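So the chains spell out like this:
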Amino acid sequence: MEIVRQFAEKAAAKTLTEEDIADCLTPDLVERFGERYLKLLLNNPNYWWTYYWQNQYLIASDAQARSKGKLGDLPLTVIVATQDWWGDELYARSLSQMWRALQYAQSRLSTQGKALPIDAGHAVFRERPDVVIAAALEMIGAIAAQKN
């Protein structure tokens, strides 16, 4: 994530170039969002700082969850989006694979945990609210059954 911090600093100094972010800037993204998107990335340090801190908090959150250990038999459903929404390039595919691996690992924190692969992109809750609602209701029902 050090590179993202450098991007933020360069964007603030107005020295960030398209070459700097070439690995992040997939042709699919440029085609989908156009040159305006590129200009926003190059000239908006807030984007890069948000990206940087989001990942720092993700790492901290992961460490916090790991320190708690297993969840016992708490019902847990982890919804896993199967679409590679980052794009088709090697960098984007590796991010997708890493993210899914983390989600499958998370589902194993409980003996009642399960991963639920869904044909959706990044915003599963928008694309498939029916799946999210069904999973939440199923977990609530399982917790209620444990209490009885």
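Owing to the predicted nature of the structure, the values given are computational and were not obtained by experimental measurement. (Residues numbered from 1 in each chain as written. Predicted model: local features only at pLDDT ≥ 70, side-chain atom pairs only at ≥ 80, totals over all residues. Heavy atoms only, no water.)

## Points about the pairing of strand 1 (residues 76–81)
Burial of strand 1 is extensive: 6 of the 6 residues sit out of reach of the surface. Where burial is concerned, the two faces of strand 1 agree: the one with L76, V78 and V80 and the one with T77, I79 and A81 are both buried. Pairing geometry for strand 1 and strand 2 (residues 113–118), over 6 bridges, is parallel. Its bridge partner being in strand 2, L76 is matched across the sheet by G113. (Buried < 20%, exposed > 50% of the residue type's maximum accessible area, 1.4 Å probe, protein only. Helix = DSSP H or I, 4+ residues; strand = E, 2+ residues; numbered from the N terminus. Pairing = 2+ DSSP bridges.)

## Considering unusual backbone geometry
Phi at K14 takes a positive value of approximately 60 degrees, unusual for a residue other than glycine. On the secondary structure map, K14 appears in the loop between helix 1 (2–12) and helix 2 (27–43).

## Points about the packing of aromatic side chains
On inspection of all chains with the given rule, the structure shows 7 aromatic pairs. Between F7 and W48, the aromatic rings sit 4.9 Å apart at their centres with planes inclined by 75 degrees, giving edge-to-face as the arrangement. Separated by 41 residues along the polypeptide, F7 in helix 1 and W48 in helix 3 (residues 45–68) bring together distant segments of the chain. We classify W48 as buried; its relative accessible area is 1%. Ring geometry for W53 versus Y57: centroids 5.9 Å apart, planes at 35 degrees, classification tilted. (Phe/Tyr/Trp six-rings, centres within 6.5 Å; stacked < 30°, edge-to-face > 60°.)

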